[in-house]
Amino acid sequence: MNQENTKQNPLGSDPILPLITKYAIPAIISMLVASAYNITDQIFIGHVVGMLGNAATNVEFPVVMFCSALAHLIGGGMATNFNIKMGEKKNEDAAQFAGTGIIAAIITGILLFCAIFLFKTPVLLLCGATETVFPLAYSYLSITVFGLPFLLFSTTNSYIIRADGSPTYSMIAVAVGAVLNIFLDWLFMYTFGWGIQGAAAATVIGQITSCVICVLYFRRFKTVTIKREMLRIKWFYFKNILKLGVANFTNHTIMMTVNIVMNNTLKHYGALSVFGSDIPLAVAGVVAKLNSILSAFAVGIAQGCQPILGFNTGAKNYGRVKETYKKAFVFTLAISIIVFAAFQLFPRQIVSIFGGGNETYFVFAVRYMRIYMMMVCVYGIQPLSVNYFTATGKAKQGTVLSVSRQGAFLLPLLIVLPIIFGINGVLYAGPIADALACALSLFMVSLSFKNLTALEAK
């Protein structure tokens, strides 16, 4: 271990618990605020437009998930390489990773906008839009597509801002955009009466604002200087960004795929039940937004640990790596249990926040929340473990684990169980997948800890 470098950087010497708090709390708030874009839209749309409006935003949600997947691919890989190189005291390489990641985010955002803008109709049909939901979903996506490049850029660069030691700035960038979005939702939908188009416009303006604040940070980097000639795609650095970002990207891409499959499954089997096609789509949209709150805590804690894990891996301080995971594990488990209790005890009251519906709507909503979210008490263990492997440079293990819950477990269950149990099969697929993913995560981390203990002994 490089003792001099460790002493110079608080990531290698400060107590673990305050460090996790310092980095995780801003990351959690950033994730919560980022979720507020969709949640706020869902609440306003649910009250102003109604149940079909909730279904419309659910149909559009896979597009946002794919944008996030690309952002986590570039941002996660960029930040992990950045911190590892800082831990190895290779500041020039760290700056090159930042420069390559920044320009990659700009190019990717532009390409994503072009693709979605040209193929809005087939995208929405693929995502499960029904005949009654499609017009609203199309109106919403036709506006929000313009915010995708800004969302991708700000999400990507929140990673490097945190890695540079400014988690609070990253939080502020997202928070300002989200607060503006809430105000504009009220202004555009209630005062101007713009309906679902008003919610979409508010979202885009908020995303542009967050992006501008992130750009302003580039003049005040703490640890490195990013020169103009570094703002280009250099294959060596880009390849390593993709290598260490692929686990998060794969996880989010599979989440998107699962969301699409679930929408189409609910649409098909809902039509065969007393609930119809539109009610399950609307409820799934609400629960997905609620789940993003839990995800914000779980992923926020995981992202908050990333600089600590990455730096101490580079500095070969393996004891601190293990200690960081263990303390983050306790945090994650405690929060997940609290959320589980709220979902089980107050499902109808929580769903009512997102607008009303007939009694059939609420019957399905309560059943969906209590069954599908049954194992959220262990939900956060998998994303924490995925980030643990990614941040320590174990891209292969991170990728395997990242596809486990959504790809290896949930996706097959969503296809098979409804054939046997109808629409109830969709509900039971969630908790089974959560339990299996948690078990696999703990097994793989325990093997990793044995390896780190052996390295410490050497």
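Residues numbered from 1 in each chain as written. Predicted model: local features only at pLDDT ≥ 70, side-chain atom pairs only at ≥ 80, totals over all residues. Heavy atoms only, no water.

Asks: How should the overall build of the protein chain be read in this particular structure?
Replies: Helices and strands together make up the secondary structure of the protein chain, namely 18 helices and zero strands. In terms of overall dimensions, the protein chain is globule-like: its C-alpha atoms have a radius of gyration of 21 Å, near the 23 Å expected for 458 residues. For the C-alpha atoms alone, the extent of the protein chain along its principal axes is close to 65 × 45 × 35 Å. The buried share among the 458 residues of the protein chain stands at 61%. When contacts within the protein chain are restricted to residue pairs at least 6 apart in sequence, those whose partners lie at least 24 apart make up 84%. As displayed, the protein chain offers around 17400 Å² of accessible surface, 69% of which is attributable to carbon and sulfur atoms. (Helix = DSSP H or I, 4+ residues; strand = E, 2+ residues; numbered from the N terminus. Rg over C-alpha atoms; globule rule 2.2 N^0.38 Å. Buried < 20%, exposed > 50% of the residue type's maximum accessible area, 1.4 Å probe, protein only. Contact = heavy atoms within 4.5 Å. Areas by Shrake-Rupley, 256 points an atom, 1.4 Å probe, with all protein chains shown as cover.)

Asks: Explanation requested: the pattern of salt bridges in the structure shown.
Replies: Opposite charge on two side chains makes pairing possible when the charged atoms of those side chains draw close. As enumerated under the stated definition, the model contains five salt bridges in all. One salt bridge connects Glu 88 with Lys 85, and the closest N-O pair in it is separated by 3.4 Å. Residue classification places Glu 88 among the partly exposed positions, given a relative accessible area of 31%. Relative accessible area serves as the criterion here: at 17%, Lys 85 is assigned to the buried category. For Arg 348, the salt bridge goes to Glu 359, with nearest N and O atoms at 3.0 Å. Highlighted residues: Arg 348 in helix H13 (residues 347–352) and Glu 359 in helix H14 (residues 359–372), separated in sequence by 11 residues. A relative accessible area of 46% places Glu 359 in the partly exposed class. (Salt bridge = Lys/Arg side-chain N within 4 Å of Asp/Glu carboxyl O.)

Asks: How should I be thinking about the packing of aromatic side chains in this particular structure?
Replies: Think of a pair of aromatic rings as described by two things: how far the centres are apart, and how the planes are tilted against each other in angle. As enumerated under the stated definition, the model contains 25 aromatic pairs in all. Ring geometry for Tyr 325 against Phe 329: centres 6.3 Å apart, planes inclined by 35°, an arrangement best described as tilted. Here Phe 329 and Tyr 325 lie together in helix H12 (residues 318–345), a separation of four residues that amounts to about one turn. Assessed through its relative accessible area of 5%, Tyr 325 is described here as buried. With a relative accessible area of 21%, Phe 329 lands in the partly exposed category. Between Tyr 388 and Phe 449, the ring centres sit 6.0 Å apart and the planes meet at 70°, which makes this aromatic pair edge-to-face. Here Tyr 388 is found in helix H15 (residues 381–391), whereas its partner Phe 449 is found in helix H18 (residues 423–457), with 61 residues between them in sequence. A connected cluster of aromatic rings, assembled from ring pairs, spans Phe 153, Tyr 169, Tyr 217, Phe 218 and Phe 221. One Lys or Arg, Arg 162, reaches over the ring of Tyr 159 and ends 5.1 Å from the middle of that ring. The ring of Phe 362 has Arg 348 sitting right over it, with the charged end atom 4.4 Å from the ring centre. (Phe/Tyr/Trp six-rings, centres within 6.5 Å; stacked < 30°, edge-to-face > 60°. Lys NZ or Arg CZ within 6 Å of the ring centre and 35° of its normal.)

Asks: Can you walk me through the packing of helix H3 (residues 51–87) against helix H4 (residues 91–118) in this structure?
Replies: For any two helices packed against each other, the geometry comes down to the angle between their axes and how far apart the axes lie. With their axes 8 Å apart at the nearest point, H3 and H4 run at an angle of 170° to one another. As summarised for this structure, H3 and H4 are arranged roughly antiparallel, according to the angle between their axes. Taking contact as the criterion, the partners of Val 63, Phe 66, Cys 67, Leu 70, Ile 74, Met 78, Asn 81, Phe 82, Lys 85 and Met 86 in H3 are, on H4, Asn 91, Asp 93, Ala 94, Phe 97, Ala 98, Gly 101, Ile 102, Ala 104, Ala 105, Thr 108, Leu 112 and Ile 116. By residue class, the composition of the contact of H3 with H4 is 16 nonpolar, four polar and two charged. (Axes fitted to C-alpha atoms, helices over the stretch in contact; angles between N-to-C directions. Parallel < 35°, antiparallel > 145°, perpendicular 65-115°, else oblique. Nonpolar A, V, L, I, M, F, W, Y, C, P; charged D, E, K, R; others polar.)

Asks: It is not clear to me how helix H16 (residues 395–402) should be interpreted in this structure. Could you clarify?
Replies: Looking only at H16, the buried set comprises Ala 395, Gly 398, Leu 401 and Ser 402. Along H16, the residues classed as buried sweep out an arc of 135° about the axis, all on the same side. (Arc of directions from axis to C-beta.)

Asks: Would you mind showing me how to read the confidence of the model for the protein chain here?
Replies: Detailed reading of the predicted coordinates is not advisable wherever pLDDT falls low. This prediction gives the protein chain a mean pLDDT of 87; 98% of its residues lie at or above 70. Scored below 50 in pLDDT, residues 1–7 makes 18 contacts in the model with residues more than four places away or belonging to other chains. (pLDDT = per-residue confidence, 0-100.)

Asks: Which parts of the structure should I look at to understand the layout of surface pockets?
Replies: To locate leftover empty space, one rolls a probe as large as a water molecule over the atoms. Roughly 220 Å³ of volume is contained in the largest pocket. Residue lining of the largest pocket: 15 residues in total, with Lys 394, Gln 397, Ser 448, Asn 451 and Leu 452 positioned closest to the centre. With six residues, the top contributor of residues to the lining of the largest pocket is H18. Looking at side-chain class alone, the lining of the largest pocket contains eight nonpolar, five polar and two charged residues. Here the second largest pocket defines a volume of roughly 170 Å³. Looking at side-chain class alone, the lining of the second largest pocket contains five nonpolar, no polar and two charged residues. (1 Å grid on protein atoms, 1.4 Å probe; cavity = no way out; pocket = protein on both sides within 12 Å on 5 of 7 lines; lining within 4 Å. Points joined across faces, edges and corners; volume = space filled by probe spheres on them.)

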